[in-house]
Amino acid sequence: MKKIYISITLLACLIMSSCKHEDWFDRESKSTITDEQLWNDPKLLTSLLANYYNRLPSLHGVFNTGGMTELDDAMWSGHRDQNWRNDFQFGDDYGRYWDYGLIRDINLSLENLETQSVKLTADQKRLFRAEFRFMRAFVYFEMVKRMGGVPIVEKQLIYDFSGDPTPLQVPRAKEHEVYDFIYRELEAIKEDLAPNNSSKTRSNKYTALALESRAMLYAGSIAKYNSLMASPISTPGGEVGIPVSMAADYYNKSLTASKEIISGPYSLFNENPDKGANFYDMLNKKTGSEVIFAKDFAPSVKVHRFAYDNIIKSMTEDNESSSTISPSLSFVESFNYLDGSKGTLRDKDAAGNYIAYTGIMDIFAGKDARLFGTVIYPGTNFKNNPVRIQAGVAVWNNGTYQLSTSAELGKNYTDGQLWTGFDGPKDDAMDVSNTGFYIRKFVSDASAASTRGTSASNWWPWFRLGEIYLNAAEAAFELGRPEGLGYVNSIRARAGFPANSLGALTTDIIRNERRVELAFEDHRYFDLKRWRIAHIVWDGSENDPNAVVRGLYGYRVVRPGHPDNGKYIYERIRPSRFRRARFFRMANYYSSIAQDVLNNNPKIVRNPFN
């Protein structure tokens, strides 16, 4: 106790001594940034913007490995503790996003910028203000496309301690009112963002136009296709549902924004004469002309583990697990042949007999080059190394083939040749493809990108020109205008199709082009919702090729003395780990609103069906 008394006495003496200096209490903190410092220092404000950019939401994007396996383009083949992704239905809250915390932070920033930024130039304030407003518009788009109409809040809501919370209880806007708000905001700020036009990681004029292009296309689609449903989805107050009379105006706005971008400084990436490698490079390299706006990553500073999670089995480095995403057969077959024929793989003839191919990759010959840039399939390579994808051997016995697989990957058969490849595929296995395919898109081929210690730093594209071409094509098609055909043919030519390969557009062509061009970029779920066909594509049927993920296994023929000996045949399979067909219900067109939100604000109207 005496020691404590002496310590306190000494501390008191030091304080008394220090207080003789008048500036002692006025010293600047070395760890705290004041409002005056923050709102008047462009570098600090840029750091704040970086924090907000980092908080921009996505559903299956920004390298969300798990989310990418929850639709029809792939299944989960990683650790079994997440096999629920192969055995789930879309819940009422699937895709829910209601982030008024971020909206509040942006609104507070806009107000502080006006009241406290006295040392910034007018140009600096204008640019920062536009960036904050762009992010707010982006967040509102993410909310409206999932939730329908949401409350539009443009300033801080501050409780006055009066006991009356009703001024804070803002009702939901109509669905179209949110889209209209987004459009007005982007139109108001797009020219103010022009100083950022050379940046691909901060919003600029073309980023604003890209969000216009996408959001207005969504609004037009909902207006048109919701009205075509047998029972259109709506609420009495218009919180859900957009009048069909508004469709043309939204399509026009999307097309106008798209055309301005197309005539701008970007161009379709076409630097590699190998069309498949070119498509892969377009998103994996940070040197191309196509990306408009991206979430950036940097070695040793900010990295992601997409390559770690999805590197093919034989190329794992220090991975505890890998090969998580197994693309589906229906997705692979959505890539058509360059001769214009459908992409259905020719594994059997009309009589049901196996077709034998000389090389294991020959069944994929003549395919849309985007397949190579998106999927690793048998006979291809990665990081300049051949992949070893072979399910097993097909041994001719008593007039039929017996399909045999090795219990262990990479083993040879009794004839001394490969039995099952080290990259599988293997049914009911973990950390190896279960469908016969691996994902290539977004998996970095940089040195050590799939190691825990290094990880990957390739960027995530929020917007790129390929999407804008397809947005323009769809909007033009819906308006009955002819220029849409040229946009789609340009996209296809980049993928190896002959010039002007299509003579006309159809709804199915446009939708398939979006599936193959924009795969795994966080579009498919929302595309099927806005077209109001998600419940048809994912109908829960065990016989539906999209509701159920299937695979294709290649087998080496063992039939000595026969011309097919040493060739390859293929078998369609349903992976055992895929447990339940995808089933999208009417309730999933608009995510449910959380109960605490409903409890706190009685003015909030529930979404239909939940």
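Here the structure is shown first, and the text comes after it.
These remarks concern the structure in this document. Please read these numbers as outputs of a predicted model, since none were measured by experiment. (Residues numbered from 1 in each chain as written. Predicted model: local features only at pLDDT ≥ 70, side-chain atom pairs only at ≥ 80, totals over all residues. Heavy atoms only, no water.)

**Brief notes about the pattern of salt bridges**
Working step 1: Here the structure, examined in full by the defined rule, presents 47 salt bridges.
Working step 2: With its nearest N and O atoms 2.8 Å apart, the salt bridge here joins arginine 464 to glutamate 290. Separated by 174 residues along the polypeptide, arginine 464 in strand 10 (residues 460-464) and glutamate 290 in the loop between helix 10 (275-284) and strand 2 (291-295) bring together distant segments of the chain. Each member of the pair, arginine 464 together with glutamate 290, is buried. (Salt bridge = Lys/Arg side-chain N within 4 Å of Asp/Glu carboxyl O. Helix = DSSP H or I, 4+ residues; strand = E, 2+ residues; numbered from the N terminus. Buried < 20%, exposed > 50% of the residue type's maximum accessible area, 1.4 Å probe, protein only.)

**Comments concerning the sheet that holds strand 12 (residues 568-573)**
Working step 1: Reading across from one edge, 8-7-11-12 is the order of the 4 strands in this open sheet, with mixed pairing throughout. A single partner strand is all that each edge strand has here, and the edge strands are strand 8 (400-404) and strand 12. Averaged over neighbouring strand pairs, the angle between their axes works out to 40° when direction is ignored.
Working step 2: Pairing of strand 11 (residues 551-558) with strand 12, which is carried by 6 bridges, proceeds in the antiparallel orientation. Bridge pairing in strand 12 places leucine 552 opposite arginine 572. (Pairing = 2+ DSSP bridges. Axes fitted to C-alpha atoms, helices over the stretch in contact; angles between N-to-C directions.)

**Observations concerning the pairing of strand 11**
Working step 1: In terms of burial, strand 11 is a largely internal element, 8 of the 8 residues being buried.
Working step 2: Burial along strand 11 is two-sided: the face carrying Gly551, Tyr553, Tyr555 and Val557 and the face carrying Leu552, Gly554, Arg556 and Val558 are both buried.
Working step 3: Judged from the 4 bridges that link them, strand 7 (residues 392-397) and strand 11 form a sheet pairing that is parallel. Its bridge partner lying in strand 11, glycine 392 is registered against tyrosine 555.

**Section: the nonpolar core**
Working step 1: Formed by 157 residues in total, the largest nonpolar core has its most connected members in Phe132, Tyr140 and Tyr179.
Working step 2: It is helix 6 (residues 122-147) that contributes the most residues to this core, 14 residues altogether.
Working step 3: Ignoring anything within four residues of it in the chain, the contact list for tyrosine 179 reads Phe141, Val144, Lys145, Ala215, Met216, Tyr218, Ala219, Ile222, Ile242 and Tyr250.
Working step 4: Within the second largest apolar cluster, 8 residues are counted, among which are Ala391, Ala394, Tyr553 and Ile573. (Core = buried A, V, L, I, M, F, W, Y, C linked by side-chain atoms within 4.5 Å. Contact = heavy atoms within 4.5 Å.)

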